[in-house]
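Given next are the chains, with one letter for each unit.
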Amino acid sequence: MKRPTRIRLIAAGAAVVVLAGGVLAAPRPPALSTTATGDPTLAASLTAGAAREPGARDTLAGAVIDPDGVTFAGLGADENTEFEIGSITKTFTALLLAQAVERGEVSLDDPAGDYLDLADSAAAEVTLGELSSHRSGLPRIATSPSALATSVWNSYRGSDPYPYDLDALTNHARAAALTDRGTVAYSNLGVALLGQALAAAADTDYADLLHERIFDPLGMTATSLPATPDALAADARTGYTLAGRPADAWTMNAYAPAGGIRSTIADMARYAQALLDADPALGVDPARMLDPQGDPDDGPLIGLAWFTQAPEDGTATWHNGGTGGFTSMIALDREANRAVIVLGNTGASVDAVAMTILEETA
Amino acid sequence: MIAWIPLIVVVGFVAGFALSAWSPRIGAARDRLALVVDGLMAAGLLLAGRSIVDWTSTSLYAWYALVLVLAAGVVGAVLRWPTLPPLKDPAKRTRRGWGAGVTIAILAVLVGVTTA
């Protein structure tokens, strides 16, 4: 065989191998389950809403709470399926803050340095109220080179980007510069500090504080905060990234007050119902968290963690969440005494799913 | 926009490999080592991109298009191989060898963590 012919054959063979490998290795992200549970109308709304936002889908669970009661639906999930609720955890931290103020343990104007070892750093001066309303000026996440590298690398791996203990968290806060203090700038670092400060004020740890003051009084028996991988059940549910790759659970360690809770749609409906009804089991009037505070010209309308839509956009009071493998949204229509919660086990947003259902069922 | 970065990176490396294999001048591989490293980077990052890129937003056609471009690059690389020296400048053998080794090691880690 002539040499050019042999080379062309090798080239063709290599191309066939690449093409065959490409076909065999084609991405196969999960698809949204067609197994509906609960209310068929709400399940159909979940299916329709999910198609409006990009990203991989697997299972969804939703609940509508109105004066007539609670309606559940799920796709590949039911009201007892566990999800990570991500940053909706911040609303629980805000509730703990409001409770602690009510109990006289802390004041919204107390500096964080009163409760945590922040030395003479700028972070020591920010108040608990500022931490909860994202007006502290702290950055969204720790900005040291090692923390940024850990965040990027763990995100690439699909694992928890917040593996830090309390010492590391306070070091992050001590090293952080404040930017535009008083203006709303979302900060996971700030809310993590707040949760740890509240735990210190109550002389306990954050997970125990949640159980004692929120989960147990509200009967949220399927809700937990496993702050470290060791505390996570061996068969704990995990989700998928936006691209559909399996993602590790996020436990978040000392950052857990910013996003570490795992819950079910049934328990979250119980929580929403308590907020709408000002349930005495909350230990405080929920308006203290939900009502926007501060100067509306200084950014979004925000109470203690809770966002309120600008008047031209609607009337919802809401918070969403996202971890490596889960997304969540809770939206309250306080005037109509209604709420919608949607939980998903992929990185694809469920914000529009929940907001659309809230508007459709108005 | 951030969600598109992985796809842009993968497209860049796969297209770059095809260019290095087929281009007569601009972007052309100067020697076999460069061609091998370009090819491994393109194939490795496409493999990593399988898990990192949101193919539900970009469509699977983009995946198949990239596989096609990679295959075209492989064809070009095989055809060009006999015309290239192992190393354009043998005096830089050590430096080029280390550079290629480190690049491939980093690539192996990047691919490994997405496929483990």
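Above this text you will find the structure in question.
Residues numbered from 1 in each chain as written. Chains lettered and ligands numbered in written order. Predicted model: local features only at pLDDT ≥ 70, side-chain atom pairs only at ≥ 80, totals over all residues.

Attention now moves to the overall build of chain A. Looking only at helices and strands, chain A features 11 helices and 10 strands. Rg of the C-alpha trace for chain A: 23 Å, near the compact-globule value of 21 Å for 362 residues, within the 12% margin. For chain A, the spread of C-alpha atoms along the three principal axes comes to 90 × 50 × 45 Å. The buried share of chain A, reckoned over its 362 residues, is 52%. In chain A, the share of contacts with a sequence separation of at least 24, taken over all contacts with a separation of at least 6, comes to 69%. (Helix = DSSP H or I, 4+ residues; strand = E, 2+ residues; numbered from the N terminus. Rg over C-alpha atoms; globule rule 2.2 N^0.38 Å. Buried ≥ 20, exposed ≤ 12 C-beta atoms within 10 Å, placed from the backbone. Contact = placed C-beta atoms within 7 Å.)

On to the interface of chain B and chain A. Counting residues at the interface gives 21 residues for chain B, matched by 21 residues for chain A. When residues of the side of chain B that touches chain A are traced back to their parent elements, those giving at least two are helix H2 (32-52), helix H3 (55-58) and helix H4 (60-80) of chain B. Among the elements that line the side of chain B that touches chain A, the one with the most residues is H4 of chain B, at 10 residues. Tallied by class, the residues present in the side of chain B that touches chain A amount to 16 nonpolar, three polar and two charged. (Nonpolar A, V, L, I, M, F, W, Y, C, P; charged D, E, K, R; others polar.)

Turning our attention to the packing of helix H6 (residues 166-175) of chain A against helix H7 (residues 188-201) of chain A. Residues and elements named next belong to chain A. For the pair H6 and H7, interaxial distance at closest approach is 10 Å and the crossing angle is 125 degrees. With respect to H7, the element H6 is oriented oblique. Where H6 crosses over H7, the handedness of that crossing is left-handed. Facing Leu166, Leu169, His172 and Ala173 of H6, the residues of H7 in contact are Leu189, Ala192, Leu193 and Gln196. By residue class, the composition of the contact of H6 with H7 is six nonpolar, two polar and no charged. (Axes fitted to C-alpha atoms, helices over the stretch in contact; angles between N-to-C directions. Parallel < 35°, antiparallel > 145°, perpendicular 65-115°, else oblique. Left-handed = near helix turned anticlockwise from the far one by under 90°.)

What follows is about the environment of Val64 of chain A. Among the structural elements, Val64 of chain A can be located in strand E2 (residues 60-66). Non-local contacts of Val64 of chain A, meaning those with residues more than four positions away in its chain, are made with Leu42, Thr71, Val340, Ile357 and Thr361 of chain A.

Below, the discussion takes up the sheet that holds E2 of chain A. Residues and elements named next belong to chain A. Across the sheet, which stays open at both edges, the eight strands sit in the order E1-E3-E2-E10-E9-E8-E7-E6 with antiparallel pairing between neighbours. Either end of the sheet is taken by a strand with one partner, and the two such strands are strand E1 (36-38) and strand E6 (301-302). Bridge count between E6 and strand E7 (residues 307-308): two bridges; the pairing is antiparallel. For Leu301, the partnering residue across the bridge sits in E7 and is Thr308. (Pairing = 2+ DSSP bridges.)

All names here are of chain A. Counting buried residues along strand E8 (residues 317-322), six of its six residues qualify, which places the element largely inside the surrounding structure. Neither face of E8 is left uncovered, since the one carrying Thr317, His319 and Gly321 and the one carrying Trp318, Asn320 and Gly322 both have all their residues buried. Pairing of E7 with E8, which is carried by two bridges, proceeds in the antiparallel orientation. Across the sheet, Thr308 pairs through a bridge with Thr317, a residue of E8.

This is a description of form; function is not addressed.
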